[in-house]
Amino acid sequence: MLYIPGNNPAMLQQGGVYGADSLLLDLEDAVAINQKDAARILVKHLITNINYYDSEVCVRINHLSTPFGKADLEAIVPLQPHAIRYPKTETAKELLELIDMIEEIENRHNLAHNKMEIHAMIETAMGVQNVFEIAGCHIRVGAITIGGQDLTADMNIIYTPDGAGIDFARKRIVMAAKAHHIDVIDTVFVDINDEEGLRRETEYSKKIGFTGKAVINPRQIDIIHEVYNPTEDEIRRAYRIVKEFYKNKEAGIGVFAIDGKMIDAPIVTRAQYVLELAGVSVGE
Amino acid sequence: MKNSLGKEIPEYIEGIGKLEPFQGAWTKLSKGWMDEATIPAPNKAKMAHQSKICESLRVAIEKSNPKDGMTITFHHHLRNGDIILAQSMMILHEMGIKDITLAASSLNDCHDSILPLLKDKTITGIWASGIRGELGKAISRGVLEKPVIIHSHGGRVRAIHTGRIRPDLTIIAASAADIEGNATGSHGKSAFGSIGYAVIDARYSKQVIVVTDNLVPYPCIPLSITQNFVDYVVVVDSIGDASKIATGTTRITNSPIDLKIAKIAADVIEHSGLFKNGFSFQVGAGGASLAVAKFVREKMKKHEIKGSFMLGGITSYCVDMLNEGLFETLFDVQSFDAAVSNSLLNDRRHIEIPAALYANPYNCGCMTNKLDIVVLGALEIDTDFNVNVITGSDGNIRGASGGHSDTASGAELTVVVCPSFRSRIPIIKDKVHTIVTPGETVHVLVTERGVCVNPKFKHLEENLKNCGFKVMDILDLKKELDGITGVAKEIEFEDKIVGLVEYRDGTIIDVIKQLKV
Amino acid sequence: MKPKYAAQAGTFESSDLIILIEPLEDNSGRKIELESAVMLQYGDSLKKIVNEMLDLYEMTDIHLIIKDKGALEPVVRARLETAIERSVNPQIF
């Protein structure tokens, strides 16, 4: 997920070429306070006129407690991007209020309520504590994400490269998302020149259960894909497992062994997920 | 008359002579010899221990006995730091010499100051591989009566052999030289690396002056320029602005678009069928081209592939790859940064080569003929894959032919990399303003929005498609770009021809017309 | 409609444009000063878009100064919309 500042035409018009799974056109923190109107209008014109190819387009609006949140919704909701991302979500109640406002705008424009997702950003201690309710409060909540910089600021601690201060938050947010079967996206890695650091942090994100990671520079995309995409060995092994599974299923056997290791249902499910990521199909 | 690309070429131009239309990239070469006669090199004699040292550049130029209508040549290895060309031309101007043909291997922004000499007819003819800055703009507006001639690096050698360029005086700036004129660019405070383009001038010019700011005890080695061709030696305080001659190491671009293009280009190279042990490789020093080297380097390490040689313009990036054992040899005709000089001087695998060995089409085989893969830039490309690297989107002469057409014609795989639009101007045209490199020598176009394979090379398209590449028809990509940028209004030109673009074999591939202003 | 305030939108960055709006006296019509890095190729199309947008908002008695650095058409429209909005409504922040 690539962050693009909402008032930067050069970056907005090229957003689709980097192969990011999704783009976050940002009206919030990346836009100066006196350019909020300009960014809103620019994003409105570009969403409808620029080809973003296979990347999903999300828009991060300003919080409703600011003078800009409502105007952002009025401009963006009618365009129905893939998702609207709401910053600094702290309670399920405020997210439900946001969704009410969105659906009111959708009603006015004769738009269905099931197309655009809502993504909640967890960036405060209160949000972390309430994340289970936030993630499950409405069917339209399609993903939750963690904002590391804001969270450490809210906790009044310094953000360290090892992520120690937000480790609990990361895992709590992942668990809440998994419980509700929605996506969960890790925070950005800020040092764009530190490729090894990015790789290490992304490997950790993957290990603890995040389904993706946000990036602030297109140069970071390939490394994240390399980490998240299954390796050739993983794909080969998954292919063998699923193939064996179908063979054994025909014979009515549920649990079997490959190379002396027991293969049961959860391992098969995981292997099927790997093949899905890799776009490989196994004939039954 | 029309050439084989449909361009109208005049048969004769006063002051230049008969022109031959381009007939195809290899039509003339396939004969196996050159029809044009080569002119003899001058024969001179010097007495033993006769001094060549002159007290100033002016004295040396006066001794060379300059005349109206003369041809003077320079090299451009000092890039934008060169001050010797402008100084020499001012001296000739002060001497009242008129009607000079200036044949520099390339002209840069640092030569803007000679513009008044074009206006007052001190200089009436220009040969160069590239022209930039104010000179390019003025020439595009018709400041000269005679068209300038743009040649390739290899074509320049041929033009000197055949006497199309007949140097009366050659002035060679060198960062180190001795009293006999042995000279090099590989050491000294103004070191600039290879001096490969000047070698042919030294051989053929009637008078040769070496100018240095670093006179070393005899002998000056390496013998890049040798004393047997040098008439005079001049010591000056400075041959140029060191900060503009060559600075530090060339950095890889940070532009995300250029990096994206470079990554796709490296993937194309990996799956081209040519990425294997012993392959040879050339990349430009600019933007996306150099970045391709970064990704190719990673791929070579990952797949444990070792290449044979890198060719052409050498950057510190190439030196790093040599030192990592990724390539066996660097053949250096032009060095792009200060870090290269040291390697050129000290590493026997890093070899200085003259332009003739690099790219002259008329000999028993130049090194571009041995190239497997070259990565080149473009100002524009058309739907027949013809490439323009000389005139900008506003119609001004502002680029350089350089080794573009030489390497494209030699390489097994020519990859052109460029952003799909720059400052709203789309890169793909129905017809480019000026053809420098014919489409038949270009295999692939890589932009951030798609890869297009020249339909002449079906097997390559198949290879890439089989590896999962999304190959686009260049017409479709053009349509998409026009949709993004809007169709640009055509630039308008007068009828007067201000430039001729020579293909490497000496035929005329295109003409440049005067801008309507 | 006519502008109430002097307003500005956009930046000097590449692929962007900057627009200044000044209100003019009644019955002055439109005064447009346009500079562009791609004037030769897109000058006519830029003028057309500017007039279309001014027509859309029925703007008159307006002085526009535009410096374009190769902005795409939707960017031009967005910046014009921002400048016009700012010239008729006070900015909130």
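Residues numbered from 1 in each chain as written. Chains lettered and ligands numbered in written order. Predicted model: local features only at pLDDT ≥ 70, side-chain atom pairs only at ≥ 80, totals over all residues. Heavy atoms only, no water.

**Q** Which parts of the structure should I look at to understand the sheet that holds strand β2 (residues 22-26) of chain A?
**A** In any sheet, the strands associate via hydrogen bonds between backbone groups, in a parallel or an antiparallel arrangement. All names here are of chain A. Strand order across the open sheet formed by 8 strands is β1-β2-β3-β4-β5-β6-β7-β8, with parallel pairing between neighbours. Each of the sheet's edge strands pairs with one partner strand only, and the pair in question is β1 (2-5) and β8 (212-213). Pairing analysis gives 3 bridges linking strand β6 (residues 141-146) to strand β7 (residues 183-186), with the strands arranged parallel. From the neighbouring strand, T145 faces β7, where its bridge partner is I185. (Pairing = 2+ DSSP bridges. Helix = DSSP H or I, 4+ residues; strand = E, 2+ residues; numbered from the N terminus.)

**Q** Any chance you could explain the packing of aromatic side chains here in plain terms?
**A** How two aromatic rings sit relative to each other is set out by the distance from centre to centre and by the angle between their planes. Residue and element names in this part refer to chain B. Evaluation of the coordinates by the stated rule reveals 7 aromatic pairs over all chains. Residues F22 and Y503 carry aromatic rings whose centres are separated by 5.0 Å and whose planes lie at 75° to one another, so their mutual orientation is edge-to-face. Of the two residues, F22 is situated in the loop between β2 (17-18) and β3 (53-54) and Y503 in the loop between β27 (493-502) and β28 (508-515); the sequence distance between them amounts to 481 residues. Of the two residues examined, F22 and Y503, each falls in the buried class. Every member of this aromatic cluster is reached through a ring pair, and the members are F275, F279, F281 and F327. Positioned above the aromatic ring of Y317 is the side chain of R297, whose terminal nitrogen or guanidinium carbon lies 4.7 Å from the ring centre. (Phe/Tyr/Trp six-rings, centres within 6.5 Å; stacked < 30°, edge-to-face > 60°. Buried < 20%, exposed > 50% of the residue type's maximum accessible area, 1.4 Å probe, protein only. Lys NZ or Arg CZ within 6 Å of the ring centre and 35° of its normal.)

**Q** Looking at this model, I keep getting lost on unusual backbone geometry. Mind explaining?
**A** Outside of glycine, negative phi angles account for most residues, and trans bonds account for most peptide bonds. In this structure, P219(B) follows Y218(B) across a cis peptide bond, with omega equal to -5°. Residue P222(B) is bonded to the preceding I221(B) through a cis peptide linkage, with omega at -5°. Within the secondary structure, P222(B) is located in the loop between β11 (207-212) and β12 (232-235). The backbone of D99(B) shows a phi angle near 60°, a positive value even though the residue is not glycine. With respect to the helices and strands, D99(B) occurs in the loop between α2 (84-94) and β5 (100-104). The exposure class of D99(B) is partly exposed, given its relative accessible area of 37%. Even without glycine at this site, E58(C) takes up a positive phi of about 50°.

**Q** I keep staring at the interface of chain C and chain B and nothing clicks. Help me out?
**A** By a widespread convention, an interface's size corresponds to the accessible area lost as its parts come together. The interface of chain C with chain B comprises 13 residues on the first partner and 14 residues on the second. Of the roughly 1100 Å² buried at the junction of chain C and chain B (both faces included), carbon and sulfur atoms supply 54%. Of all residues in chain C, the largest losses of buried area upon contact with chain B belong to Q41(C), Y42(C) and L72(C), amounting jointly to 54% of the total for that side. With a shortest N-O distance of 3.3 Å, D44(C) and K489(B) are connected by a salt bridge. Put simply, chain C and chain B have 6 residue pairs in polar contact (both at pLDDT 80 or more) between them. (Contact = heavy atoms within 4.5 Å. Buried area = accessible area lost by both parts, 1.4 Å probe. Salt bridge = Lys/Arg side-chain N within 4 Å of Asp/Glu carboxyl O. Polar contact = N/O pair within 3.5 Å; in protein donor to acceptor, adjacent residues only side chain to side chain.)

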